[in-house]
Structure formats: structure tokens, C-alpha cells
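Residues per chain are reported as follows:
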Amino acid sequence: GAGVSQSPRYKVAKRGQDVALRCDPISGHVSLFWYQQALGQGPEFLTYFQNEAQLDKSGLPSDRFFAERPEGSVSTLKIQRTQQEDSAVYLCASSPPHRNYGYTFGSGTRLTVV
Amino acid sequence: RKEVEQDPGPFNVPEGATVAFNCTYSNSASQSFFWYRQDCRKEPKLLMSVYSSGNEDGRFTAQLNRASQYISLLIRDSKLSDSATYLCVVIPGFGNEKLTFGTGTRLTIIP
């Protein structure tokens, strides 16, 4: 596809449930990022991949959060034992090698934990 | 102190007016700078990169002041369609590629 694709678009999870969020970046984009955006706030960095290598996971809020990109293309963000504070929009972005072209974001997954 | 700071607004501006936003960043070694636009319940979209010499794209002008560590965005002849949240973004560079966002500045253009 032409853009970054994320699924599902919306997810309602019961507290304690595990969820998996998928990101399909633009073909050929080497870098992939996950961000968390709470209402009224700017996106907060979670983790960053270059191809299949996870170069920075300093933003993951707890060990309940795990991300992978095994073949350097599609990435999955997994949240175990979801809590209410995990409710947010999870955004994925990808970029080509030259960062001055900017980063393209997907439409995000809106996670609501009830 | 947050790494990237913006006035959250809201800015309510009449159509046709000129409006300017500033953003400050704390890491003096930062290498790349952008303005993104985010509409309600949508993803951020790149508005423009910000270069040291300043750059213009139609009604939008971006400036970078490295000495004072701030970035500005000027919108001339504002349109109703300019209503959105404007996010300042900084990338440290030198192997650290993560975008750091400000909280965003909410702009509403009033007819």
C-alpha cells in the first residue's frame, strides 16, 4: 500500500487481557517507530527498529510492553495484562533512510481498557 | 523540564490573520527539526522540515534559531482549513533517530 497501515483501528480490552497491535510500514522503509499518544498530549516515544534490530526500547513503560519486527517489515506491539492507564492511541511511523524526508504515520490503534 | 516545549494554546485567530508559534528544545546537539500537523482524531502529518537558513512553503514559514534553541512557525493569510494542532518535533541525530514531540499547539481559525 501507499501508506503505513495499522490494525486494528479500534480495540477494547478488558483489564488483564493481552493485546497485539500490528503495523505494516511503507515498503522499503528501514526505520520503524512506535509511539503512544494520550488525549491532549503529543506522541510519546516507545521503541525504534532499524530493519529487524530493535535499537531503542527506552520508552516502553513497563515489561508488559513488548515489540518485535522479525523480518524487518511488519511490526507487532504486544501489551500483556492491560491496565486502564494503557488506554491511548498507539501510532506507528516509518521512514526512508534519509530522515529529512520526514516520517509517515499510520492512522493509529485506539486502545480502550475497561 | 520537557525536552520540547510548546504553548498548548488554544489560539483562536480570525480568518486572514497571521499567526506564529514558537517551540523550544533542550538538547543543544539536536540535528533535525520538523513541524507536524494533527487534525482531531487523525495521525500527525508532516507539514514541513525546518532548516537552519529558514524555509518557506506557500503561506508557511519555518525558522530555526540554534543559539536560542527555538523553532518557529508562521502562518500567513490563515484559512479555516488551517485549524488543527501543530506539533514541534526534534530529532537528536548522531545515531539517535527518535522523534521527540512537543505537546502541540491548538489553533482554531474563526470565520
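Numbering of residues begins from 1 in every chain and follows the order in which that chain's sequence is written. Going through the entries in the order they are written, you letter the chains from A and number the ligands from 1. In keeping with the predicted nature of the model, local features appear solely for residues at pLDDT of at least 70, side-chain atom pairs appear and are counted solely at 80 or more, and the whole-chain, interface and lining totals rest on all residues. As a convention, hydrogens and water are excluded, and side-chain values are obtained from all of the structure's heavy atoms.

**Notes on the state of the cysteines**
Consideration 1: Cysteine sulfur atoms are paired as a disulfide whenever they fall within 2.5 Å. In this structure the tally under the stated criterion is 2 disulfides over all chains.
Consideration 2: Through a disulfide, A:Cys23 is tied to A:Cys92; the S-S separation comes to 1.8 Å. Judged by the sign of its S-S torsion, about -65°, the cystine formed by A:Cys23 and A:Cys92 is left-handed. Here A:Cys23 is found in strand β3 (residues 19–24), whereas its partner A:Cys92 is found in strand β9 (residues 88–95), with 69 residues between them in sequence. Taken as a pair, A:Cys23 and A:Cys92 share a single burial class, namely buried.
Consideration 3: The side chain of B:Cys23 participates in a disulfide bridge whose partner is B:Cys88; the two sulfur atoms lie 2.0 Å from each other. Around the S-S axis, the bridge from B:Cys23 to B:Cys88 shows a dihedral of about -70° and counts as left-handed. Here B:Cys88 lies in strand β9 (residues 84–91) and B:Cys23 lies in strand β3 (residues 19–25), a separation of 65 residues in the sequence. B:Cys88 carries the same exposure label as B:Cys23, and that label is buried. Counting from the N terminus, the helices are DSSP H or I runs at least four residues long and the strands are E runs at least two residues long. Between buried and exposed lies partly exposed: a residue is buried under 20% and exposed over 50% of the maximum accessible area for its type, with that area taken using a 1.4 Å probe on protein chains only.

**Considerations on the interface of chain A and chain B**
Consideration 1: Every contact between the two is made by 23 residues of chain A and, on the other side, 21 residues of chain B.
Consideration 2: Salt bridge, as used here: a side-chain nitrogen of Lys or Arg that lies within 4 Å of a carboxyl oxygen of Asp or Glu. Here chain A is connected to chain B by 1 salt bridge.
Consideration 3: The salt bridge involving A:Glu44 is made with B:Lys2; its shortest N-O contact spans 3.7 Å.
Consideration 4: Polar contact is defined as a pair of N or O atoms within 3.5 Å, subject to the rule that within protein one atom must be able to donate a hydrogen and the other to accept it, and that residues adjacent in sequence are counted only when both atoms are side-chain atoms. Counting the contacts that link chain A with chain B gives 3 residue pairs in polar contact (both at pLDDT 80 or more).
Consideration 5: Classifying every residue of the side of chain A that touches chain B gives 9 nonpolar, 9 polar and 5 charged. The contact definition used throughout considers only heavy atoms, calling two residues in contact when any of these lie within 4.5 Å. Residue polarity is assigned by list, with Asp, Glu, Lys and Arg as charged and Ala, Val, Leu, Ile, Met, Phe, Trp, Tyr, Cys and Pro as nonpolar; anything else, Gly included, falls into the polar class.

**A closer look at the pattern of salt bridges**
Residue and element names in this part refer to chain B.
Consideration 1: Taken as a whole and judged by the stated rule, the model has 8 salt bridges over all chains.
Consideration 2: With its nearest N and O atoms 2.9 Å apart, the salt bridge here joins Lys 79 to Asp 77.
Consideration 3: Residue classification places Lys 79 among the partly exposed positions, given a relative accessible area of 32%.
Consideration 4: Using a relative accessible area of 38% as the deciding quantity, one classes Asp 77 as partly exposed.

**Topic: the packing of aromatic side chains**
Consideration 1: Ring geometry is summarised as follows: Phe, Tyr and Trp rings, the Trp one being its six-membered ring, pair when their centres sit within 6.5 Å, and such pairs are stacked at plane angles under 30 degrees, edge-to-face over 60 and tilted between the two. Counted according to the given criterion, the structure contains 15 aromatic pairs over all chains.
Consideration 2: Relative to B:Tyr36, the ring of A:Phe105 has its centre 5.8 Å away and its plane inclined at 85°; by these criteria the two rings are edge-to-face. Placement of the pair is A:Phe105 in strand β10 (residues 104–105) and B:Tyr36 in strand β4 (residues 32–38), with the two residues belonging to separate chains.
Consideration 3: The rule for a charge over a ring is simple: NZ of Lys or CZ of Arg within 6 Å of the ring centre, and within 35 degrees of the ring normal. The ring of A:Tyr10 is capped by A:Arg9, whose NZ or CZ atom sits 5.4 Å from the centre of that ring.

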